[in-house]
Amino acid sequence: MDWHLLSPEETGELLRVRPPVGLDPHEVAHRLARHGPNAIDEAHRRSPLLMLLRQFSDPMVLVLLGAAVLASLLGEPQDVAAILVIVVLNALLGFAQEYRAERALAALRSLAAPVARVRRGGETQVVPASEVVPGDVVLLEAGNLIPADLRLVDVVRLTVDEAALTGESQPVEKTTSRMTEADVPLGDRRDMAYKGTLVTQGRATGVAVATGMQTELGRIAALLRDAEEVRTPLQRRLARFGKLLSIAVIVLCAVIFAVGLLRGEEPGLMFLTALSMAVAGIPETLPAVVTMSLALGARKMARRNALIRRLPAVETLGSVTYICSDKTGTLTQNRMRVDAFYVEGHLVREVPAGSHDREAWSLLLSALALNNDASRGPDGEVKGDPTEVALFLAAADAGREQQTVARHMPRIGEIPFSSERASMTTLHQQADRIIAFTKGAPERVLVGCVSRLTEAGLAPLDRAAALEVAGDMARAGLRVLAFAYRTLPALPVDLSPAAVEADQVLLGLVGLIDPPRPEVPEAVALCQTAGIQLVMITGDHPATAAAIARGLGIAQPSDEVMTGQALARISPEEFERRVGGTRVYARVAPEQKIRIVKSLQARGEIVAVTGDGVNDAPALRSADIGVAMGRSGTDVAREAAHMILVDDNFATIVGAVREGRRIYDNLRKFVKYILTTGIGELWPLLLAPVLALPMPLLPIQILWINLVTDGLPGLSLAAEPAEPGVMRRPPRSPRESLFAHGLWQHIIWVGILMGSVTLGTQAWAFHTGSAHWQSMTFTVLALSQMAHVLAVRSERESLFRQGLWSNPALLGAVALTFVLQMATLYVPSLNSVFKTQPLTAVELILSLSLSAVVFVVVEIEKAVRRRRSRG
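The following paragraphs examine the structure supplied in this document. What you are looking at is a predicted structure, and each value in this text was computed from that prediction instead of being measured.

Here is what the cut-offs are and how they apply
Residues numbered from 1 in each chain as written. Predicted model: local features only at pLDDT ≥ 70, side-chain atom pairs only at ≥ 80, totals over all residues. Heavy atoms only, no water. Helix = DSSP H or I, 4+ residues; strand = E, 2+ residues; numbered from the N terminus. Expected span 1.5 Å × (residues − 1). Buried < 20%, exposed > 50% of the residue type's maximum accessible area, 1.4 Å probe, protein only. Pairing = 2+ DSSP bridges. Right-handed = clockwise from strand over helix to strand, strands pointing away. Contact = heavy atoms within 4.5 Å. Axes fitted to C-alpha atoms, helices over the stretch in contact; angles between N-to-C directions. Phe/Tyr/Trp six-rings, centres within 6.5 Å; stacked < 30°, edge-to-face > 60°. Core = buried A, V, L, I, M, F, W, Y, C linked by side-chain atoms within 4.5 Å.

Right, let's talk about helix H23 (residues 590-602) for a bit. With 13 residues, H23 should cover 18 Å at 1.5 Å per step; its first-to-last C-alpha distance of 19 Å lies within 8% of that length. Those residues of H23 that sit buried are Pro590, Gln592, Lys593, Ile594, Ile596, Val597, Ser599, Leu600 and Gln601.

The next point concerns the side chain of Arg517. By the secondary structure assignment, Arg517 is in the loop between strand E20 (504-513) and helix H19 (520-529). By relative accessible area, which is 15% here, Arg517 ends up buried.

This paragraph deals with the pairing of strand E25 (residues 625-629). Two faces, one strand: in a regular strand the side chains alternate between the faces of the sheet. E25 sits mainly inside the fold: five of its five residues count as buried. The two faces of E25 match: Ile625, Val627 and Met629 on one face and Gly626 and Ala628 on the other face are all buried. Across four bridges, the pairing between strand E24 (residues 607-611) and E25 is parallel. Across the sheet, residue Ala608 finds its bridge partner in E25, namely Ile625. Handedness of the crossover joining E24 and E25 through helix H24 (residues 617-622) is recorded here as right-handed.

Right, let's talk about the side chain of Thr758 for a bit. As for its position among the elements, Thr758 is in helix H29 (residues 743-767). If we skip the residues at most four places from it in the chain, Thr758 touches Pro684, Thr777, Val780 and Leu781.

A large share of E24 lies buried, amounting to five of its five residues. Of the two faces of E24, the one holding Val607, Val609 and Gly611 and the one holding Ala608 and Thr610 are both buried throughout. Inspection of the sheet shows strand E9 (residues 322-325) paired to E24 by three bridges, in the parallel sense. Bridge assignment links Tyr322 to a residue of E24, and that residue is Val607.

Residues of helix H20 (residues 542-552) that are buried: Ala545, Ala546, Ala547, Ile548, Ala549 and Leu552. In the core, the buried residues of H20 are packed alongside helix H17 (463-475), E20, H19, strand E21 (533-538), strand E22 (561-563) and strand E23 (584-586). Taken from the residues just after H20, Gly553 is the one with a positive phi, measuring 90°.

Quick look at the sheet that holds E21 now. Across the sheet, eight strands lie side by side as E8-E26-E25-E24-E9-E21-E23-E22; this open sheet has mixed pairing. Bordering the open sheet on either side are strand E8 (306-308) and E22, each of which pairs with just one other strand. Put simply, the sheet's adjacent strands are angled 20° from each other on average, direction ignored. For E21 and E23, the ladder comprises three bridges, and the chain directions are parallel. Paired with Ile537 across the strands is Tyr585, a residue of E23. Against the sheet, H20 makes contact with E21, E22 and E23, and its axis sits at roughly 155° relative to E23, the strand it touches most.

The phi dihedral of Glu344 falls on the positive side, at around 55°, and the residue is not glycine. Checked against the element boundaries, Glu344 lands in the loop between strand E10 (337-343) and strand E11 (346-348). The phi angle at Arg587 is positive, at roughly 55°, despite the residue not being glycine.

Let us look at the packing of aromatic side chains. This structure, assessed with the given rule, holds five aromatic pairs. Between Phe575 and Tyr585, the ring centres sit 6.4 Å apart and the planes meet at 70°, which makes this aromatic pair edge-to-face. Here Phe575 is found in helix H22 (residues 572-578), whereas its partner Tyr585 is found in strand E23, with 10 residues between them in sequence. Here the two residues Phe575 and Tyr585 agree in accessibility, since each one is buried.

Ranked by internal contacts, the top residues of the largest apolar core, which has 62 residues, are Ile323, Met473, Leu509, Met643 and Phe650. For this core, the leading source of residues is helix H26 (residues 650-690), giving seven residues. The contacts of Phe650, once residues within four sequence positions are left out, are Ile323, Ser325, Thr330, Leu331, Val520, Ala523, Val524, Cys527 and Leu534. In this structure, Leu675, Ile705, Ile747 and Val789 belong to the second largest nonpolar core, which totals 44 residues.

Below, the structure written as structure tokens:
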């Protein structure tokens, strides 16, 4: 029902209620039974047990559980315990994240007003807000949380803060006059008041036209409930990786087992060898590396004012291709200030020196301070309407503190602001005369002006020219107010607008703005350098949105602003075509935000959405990553988001994007390392029988290499610093494989190289009759993997240019692995466990030299890639 198109009388007739009397108590009971309680429904919640069990359905987790079974068959309790700890830890983390996400609607319920003041049967009553029914006459005053959607029937200076619902940065002035357009945006429906918004000033009476889930707040709750959680790019890539890896490992182990049997090897030994390779081939440390990388990234972001609520969001940031940002409080400071003055025929940015000696400036500054209901409290903070606070501070900064000026010109009368007049007048005693100051919309104030004040005194007023200046200021994104004055010999008996607001003198125009955050332009430029597209989505006026977006570099002067009304009329096909080129949206509804996000995702984009209001929550939930404001944000937005900005600072998002890219790079390095070593281990086992060589490694040796090389060295790659130029490259394509940019080629050829060096060591030592051939083979394979982990610390940079000490954790892990490997050779008690013998000095030097081959070759590969990229 378009209640905003109906008059108060028509509303009362349709709902069968007379506002002066209200509903009969019996009718209230009937309507409560029919419409249900005035409450926001919660979505059907999954049981905690079901959420916990869901965590074990991931393909990689299933592979790890299979590895645990194999390890138990091999009699390796340490491996079983390690795998199970990793699986349980990941399950608990996932459970905690899902459980927190389910609380978003619970936070939405807390926005409901606990009680409401209603008129029933001619009497005023205070009732639980949940018992308000359609047709109830609700009484409002400053400070009230509005309990239902209301059609206003009586208004006295009412302003309502609707920021949580619409994104509008300023309190909205309300009226009883009905609207004339059916599709007028929510923020422009001045004759309506909505559930969950706050009365900031005045009083009113309204008729409840919708309650519970039928309200605009309820509609948002339904959108939030229906919004699907989007799987992150990392989760999708790891799921594919887990499936492929499990198949490959099973096939290769079966091949090794079959080849061994054909060679006449003992079946028991081959079975244990195949099982050992299965355990070694499955990188059970991958989830631990992922979790550790994300947790370290989350901790680093927390120190930079970005709190991560869901760990996968850390990596998702590195994949972001679009950031759809709210304006108020994120790109701007959410604090109005005076930005421009038009006085004495000149447009200036600040009050000039000597303003107190110039009549126009002196009177204008007095008007800013006195025609103002804001006040400075005992703590020194100025409180009141944001616009009036900005005017108050502009006067105070110019030396016109309100209390001081008011002692010389006390207020003795006023004509209050009304939305119909769009102006306000205060009258002040100044010696033996009365001075009346008027402020308001230029088109209204200028009607009552006959002259203007210049440096030379009074001059005729050119209204058209003044209105043109006001229009230019508005197009620059300023909220423009006109100030005028009139002197009277005495306080008029008739304090009507017609009697007082006539024959006035224009003092000037004042432009206010919610200024951009100073760090945002640089952050915007960095995003654009990184190939990330920025889109502003706001509930504010289109002209304001366009001016801010152009000033920050988000939009070009030629870019068109798409309003919610235009978006509602456009066809899905047309919007799909235009969404990629639209940079600014204004006056949009919550479901339209979701439409924008879904349309971008349908194009294959990874979308981050920022927001702070209730109206932003569904889009935050539907986005690939939702970013809520910590200071100005509502609980609903924070619960729906993946990340919270403690400082409400857009630049913090850019820092988080950089961290996300670093984390993904390091995960790629780990996958490169772990799979290359896996091939390096499998290759000798596959090829040795073909070359008539004995099995190069025993099951216990395979498991040892898997333990010491996949453990600390692999985990330490998570601490690798960011690659140079990480923010100068475009975002990864959402369709890009984990193995793109030559990763799979590197894994195969370096893995084969590592295996060939190991196999060559075995062949040479075996055929020369060395009794230590297996110990040499064992050592070369283990230390080749350490050489490889040092070489893959960077995709392109040489280790020597990068700096050996830039990742001390990795350096320590490599050193510890070397010591442990030497212990298996030279500690007698370990020789019997690992079936090894101490190497001679020549054999050890030869083993170390052969192990370094992988490092040298990978450094050459990186040098070739650097040369090609420069060419």
